[in-house]
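Letter by letter, the chains look like this.
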Amino acid sequence: MKLFDVYPVYPINPVKAKGAFLWDEKGNEYLDFYGGHAVISIGHSHPHYVEGISNQLKNIGFYSNSVLIPQQEQLADALGKASGLQDFQLFLCNSGAEAVENALKMASFHTGRKKILSFKDSFHGRTSLAVEVTSYSKMKALVNHTGNVTFAELNDIELVERELSSGDYAAVIIEGIQGFSGINVPEKSFLIELRNLCTRFGTMLILDEIQSGYGRTGDFFAFQNAGIIPDIVTIAKGMGNGFPIAGVLLKPEIQPKHGMLGTTFGGNHLACAAGIAVLEVIETEHLVENSKYMGEYLIEKLRKIDLVKSVRGRGLMIGMEFDFPAADLRKKLLTEYNIFTGSSGNQNVMRLLPPLCVTKEECDRFLEAFENILANEPFLQH
Ligand SMILES: Cc1ncc(COP(=O)(O)O)c(C=O)c1O
């Protein structure tokens with residue numbers, strides 16, 4: 001059987017990884033400034049994480065949600081403490097798109113409404129409603145057009161107010177920082193006003209923190225920078241450091257009923273062991289703080305480089321925009337310096353999403369390679 005060919009792939013076969021590094025089968029070392037798509041939070045193959053998952057597997061790896069799974073409560077407790085959202089409720093699932101589907105569904109259940117407001121250049125996943133609230137039309141099939149979704153320009157609060165004042169909207173969904181589209185940061189005042197409008201018109205504010213959460217931006221959640229509290233938060237990526245686990249955080253007023261949501265695999269023993277180990281390492285190794293400081297260090301250095309038109313983001317969620325497509329630059333970083341970086345929906349933007357444990361030396365290694373390429377490639381300078 002052939003693989004269904006939907007991904008462009010590099011001819012690289014990583015067989016081992018540790019911290020911020022990967023090695024291929026020939027022993028070549030790669031520096032990971034992509035984090036396997038913003039997924040690697042505590043670093044590859046962290047010993048505490050390997051131990052947590054291995055020990056759990058030796059006892060029990062999986063049983064369905066029809067029995068007690070105390071690891072789920074342990075994870076919810078740790079997440080409440082790490083995020084400051086102790087009074088929220090946690091629904092565990094398996095992927096970002098699934099978290100978004102469930103968040104939108106809960107907003108509709110809770111409000112009895114069906115319209116959703118999303119934003120231009122947003123990305124929320126590839127499944128049914130998640131892809132409908134995503135602004136990239138090429139990702140949508142005919143079934144992904146229910147007519148219930150409106151898109152507003154990011155930071156256009158007047159349009160948001162006009163729409164929400166109809167009283168028809170179940171939810172507004174917004175990324176803490178837009179990731180896929182090339183690291184677009186919503187204005188702080190916009191987020192604050194968005195919170196006010198959602199409260200005023202009885203609309204659920206959903207913060208999609210799947211990419212921007214779990215310490216990536218130097219706060220546990222990116223929205224915390226604006227001092228707001230959403231009604232619903234979606235999480236995935238960094239939550240399991242590569243183990244598939246995701247979640248929906250729901251404010252206390254949202255009432256659960258049996259059968260409303262469900263999943264076979266969500267919240268299984270192994271996934272919880274991974275999630276617990278991740279939060280323990282984030283706390284003991286102060287990775288949210290490291291993300292903040294390493295991010296500030298990188299952003300300050302990158303802003304001094306002439307050919308970089310703009311540097312956006314916070315913490316270790318960084319986008320660099322150029323006056324030319326970033327593809328050649330990224331290719332050179334990979335083929336000549338063995339450094340992985342991220343692309344984006346905007347071809348002129350390169351994303352940096354290293355593990356949150358990245359060190360200053362590793363940042364310097366990236367910066368040196370990056371500056372060397374820019375200095376020695378006249379074809380890029382136009
Ligand atoms: C903000 C955001 N939401 C949702 C998703 C979808 O997550 P998944 O690929 O796990 O379904 C992503 C993935 O890149 C994302 O960045």
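A. The packing of helix 9 (residues 287-303) against helix 11 (residues 360-376), seen in detail. Between helix 9 and helix 11, the least distance of the axes is 10 Å, while the angle of their chain directions is 20°. In terms of axis orientation, helix 9 runs roughly parallel to helix 11. For the pair helix 9 and helix 11, the crossing hand works out as right-handed. Contacts between helix 9 and helix 11 involve Met294, Tyr297, Leu298, Lys301 and Leu302 on the former and, on the latter, Lys360, Cys363, Asp364, Phe366, Leu367 and Phe370. For the contact of helix 9 with helix 11, the class distribution of residues is eight nonpolar, no polar and three charged.

B. A look at the side chain of arginine 351. Relative to the elements of secondary structure, arginine 351 occurs in strand 14 (residues 349-352). The buried charged residue arginine 351 lacks any salt bridge, with glutamate 175 as its nearest oppositely charged partner at 7.2 Å. Within polar-contact distance, the side chain of arginine 351 engages the backbone oxygen of glycine 179 at 3.4 Å. At a separation of 2.8 Å, a polar atom in the side chain of arginine 351 contacts the main-chain carbonyl oxygen of serine 343. Residue contacts for arginine 351: discarding those within four places in its chain leaves Phe33, His37, Gly179, Phe180, Ile183, Gln211, Ile318, Thr341, Gly342, Ser343 and Ser344.

C. Region of interest: the sheet that holds strand 4 (residues 89-93). Read from one edge to the other, the open sheet built from seven strands follows the order 4-10-9-8-7-5-6, with strand pairing classed as mixed. In the strand order of this sheet, the two ends are held by strand 4 and strand 6 (149-152), each with one partner. The mean angle between the axes of side-by-side strands here comes to 20°, regardless of whether they run parallel or antiparallel. As defined by bridge partners, strand 5 (residues 115-119) adjoins strand 6 across four bridges and the pair is classed as parallel. Each bridged residue has a counterpart across the sheet, and for phenylalanine 119 the counterpart in strand 6 is alanine 152.

D. Representation of the domain arrangement of the protein chain within the structure. In terms of domain boundaries, the protein chain breaks down into domain 1 (14-45 + 286-381) and domain 2 (47-284). Using only C-alpha atoms to locate each centre, domain 1 and domain 2 end up separated by 26 Å. With 31 residues of domain 1 in contact, the opposing surface of domain 2 contributes 33 residues. Summed over both sides, the interface of domain 1 with domain 2 buries roughly 2600 Å², with 57% coming from carbon and sulfur. Counting the surface domain 1 buries against domain 2, the share from its top three residues, Ile42, Arg314 and Met317, is 30%. Linking domain 1 with domain 2 are zero salt bridges. Linking domain 1 to domain 2 there are 21 residue pairs in polar contact (both at pLDDT 80 or more). Counting only elements with at least two residues in the side of domain 1 that touches domain 2, the list comes to helix 1 (35-38), helix 9, strand 11 (310-314), strand 12 (317-321) and strand 14. Residue classes in the side of domain 1 that touches domain 2 are distributed as 14 nonpolar, 12 polar and five charged.

E. Local environment of the site of the ligand. Within the structure, the ligand sits among His37, Ser95, Gly96, Ala97, Phe123, His124, Gly125, Glu175, Asp208, Ile210, Gln211 and Lys237. Here an oxygen atom of the ligand and a backbone polar atom of glycine 96 are 2.8 Å apart. In this structure, alanine 97 approaches the ligand through a main-chain N or O atom, which is 2.8 Å from an oxygen atom. Starting from 390 Å² of accessible surface for the ligand in isolation, the protein chains cover 82%. Looking at the shell around the ligand, its residues break down into three nonpolar, six polar and three charged.

Thresholds, definitions, all that
Residues numbered from 1 in each chain as written. Predicted model: local features only at pLDDT ≥ 70, side-chain atom pairs only at ≥ 80, totals over all residues. Heavy atoms only, no water. Axes fitted to C-alpha atoms, helices over the stretch in contact; angles between N-to-C directions. Helix = DSSP H or I, 4+ residues; strand = E, 2+ residues; numbered from the N terminus. Parallel < 35°, antiparallel > 145°, perpendicular 65-115°, else oblique. Left-handed = near helix turned anticlockwise from the far one by under 90°. Contact = heavy atoms within 4.5 Å. Nonpolar A, V, L, I, M, F, W, Y, C, P; charged D, E, K, R; others polar. Buried < 20%, exposed > 50% of the residue type's maximum accessible area, 1.4 Å probe, protein only. Lys, Arg positive; Asp, Glu negative; His and termini not counted. Salt bridge = Lys/Arg side-chain N within 4 Å of Asp/Glu carboxyl O. Polar contact = N/O pair within 3.5 Å; in protein donor to acceptor, adjacent residues only side chain to side chain. Pairing = 2+ DSSP bridges. Domains from an automatic or database assignment. Buried area = accessible area lost by both parts, 1.4 Å probe. Near = heavy atom within 4 Å. Areas by Shrake-Rupley, 256 points an atom, 1.4 Å probe, with all protein chains shown as cover.

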